[in-house]
Amino acid sequence: MSVALITGGSRGIGSVIAKQLAADGYNIAICYSGNEGAAQKTIEECKKHGVQAIFIKADVSNAEDVNEMFAQIKELLGPVDVLVNNAGITRDGLLIRMDETDFDSVIDINLKGTFLCTKAAIKDMMKNRSGRIINITSIVGVQGNKGQSNYAASKAGIIGFTKSVAKEYGAKGVTVNAVAPGFIQTAMTDELPDTVKDAYIKQIPLGRFGTPEDVAGVVSFLASEKASYVTGQVLEVTGGM
Ligand code: NAP
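Quick notes on the rules
Residues numbered from 1 in each chain as written. Predicted model: local features only at pLDDT ≥ 70, side-chain atom pairs only at ≥ 80, totals over all residues. Heavy atoms only, no water. Buried < 20%, exposed > 50% of the residue type's maximum accessible area, 1.4 Å probe, protein only. Helix = DSSP H or I, 4+ residues; strand = E, 2+ residues; numbered from the N terminus. Pairing = 2+ DSSP bridges. Right-handed = clockwise from strand over helix to strand, strands pointing away. Patch = residues over 30% accessible without salt bridge, like charges linked within 9 Å, V, L, I, M, F, W, Y side chains within 5 Å. Areas by Shrake-Rupley, 256 points an atom, 1.4 Å probe, with all protein chains shown as cover. Salt bridge = Lys/Arg side-chain N within 4 Å of Asp/Glu carboxyl O. Lys, Arg positive; Asp, Glu negative; His and termini not counted. Charge placed at Lys NZ, Arg CZ, Asp CG, Glu CD. Expected span 1.5 Å × (residues − 1). Contact = heavy atoms within 4.5 Å.

> Let's hear about the pairing of strand β2 (residues 27-32): which residues, and what values?
Burial analysis of β2 places 6 of its 6 residues in the buried class, the great majority of the element. Here β2 shows no split at all, with N27, A29 and C31 on one side and I28, I30 and Y32 on the other all buried. Strand direction decides the pairing type here: strand β1 (residues 3-7) and β2, joined by 5 bridges, are parallel. For V3, the partnering residue across the bridge sits in β2 and is N27. Regarding the hand of the β-α-β motif, the stretch spanning β1, helix α1 (residues 12-23) and β2 is right-handed. By the bridge criterion, 5 bridges tie β2 to strand β3 (residues 53-57) in an arrangement that is parallel. Pairing of I28 across the sheet is with A53, part of β3. Between β2 and its parallel partner β3, the chain crosses via helix α2 (residues 36-47), and the hand of that crossover is right-handed.

> Report on a negative patch on the surface, specifying residues and quantitative values.
A cluster of like negative charges, contributed by D59, D99, E100, D104 and D108, occupies part of the molecular surface. On the secondary structure map, E100 appears in helix α4 (residues 100-128). E100 sits in the exposed class, given a relative accessible area of 64%.

> Quick rundown of α1? Include the residues and the values.
Taking 1.5 Å per residue as the helical rise, α1 with its 12 residues ought to reach 16 Å, and the 17 Å between its terminal C-alpha atoms agrees with that figure. Contacts made by the buried residues of α1 are with β1, β2, α2, β4 (82-85), β5 (131-136) and α9 (212-223). Of the residues flanking the end of α1, it is G25, one or two places downstream, whose phi is positive at about 105°.

> Explain the environment of Q20 to me, using residue names and the numbers behind them.
Along the polypeptide, Q20 turns up in helix α1. Here Q20 falls in the partly exposed class, since its relative accessible area comes to 28%. Remark: the alpha-carbon pair of Q20 and G210, spanning 190 residues in sequence, is separated by 16 Å. What Q20 contacts, discounting residues up to four positions off in sequence, is A216 and S220.

Right, dumping it as structure tokens:
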């Protein structure tokens, strides 16, 4: 059975992606940064689909944690066939008030974390001449957003990274794509003031916010055989925003 790793799979979009890929028949590994209860709950729900599922505490911005996580997954489930780089944070603020640490932590977790996990996954994928890497970016990385220069830079970086790695490893049977969600209802977006939410919804042709399930469906497609000739792409899941 193939193995899928979803980083930041304890909550929000990552948790729903993990459950969708479990329903698709993958054995599941998720990592999380601190919320063990949520990670445990996601894993229990994945197991209901009759697959194996494990959770590992690992900071994706720490190379040692990442390498140790990949070694554990290989020992317990086998090499990772599908990597979903989903772990991400925001530290919003206008540029003039943005601390260096707010910039660095967002770049480290969102962008460097994607680099470290992809690097750790790629060797086995090359050896197996098969693999799927799906990077969760954001529409903010395409369009920019006031108060999110750090986040936008990290997500735009993920798009450039995706396109480059797709070119490097296509010949080895590895596809690399990015999914760019728009406004998806999760804890990350629940924090926004109602006025900001109202302004967003006016810009969405489909007239509603997205759900984590909307994103998970696209990830499921990109992981599947149906997407075997798709690489280096950014699929926007934005309701047309
Ligand atoms: P969320 O609910 O805040 O969940 C974030 C997840 O990342 C949690 O599982 C968290 O673990 C994990 N995480 C945070 N820092 C980590 C680290 N250093 N190492 C490992 N795991 C870490 O976020 P979300 O809204 O589901 O977003 C998921 C992804 O979608 C992110 O990349 C985000 O940028 C992207 N996205 C979201 C939206 C949206 O509208 N929500 C839109 C576009 C893109 P703990 O549970 O342990 O804290």
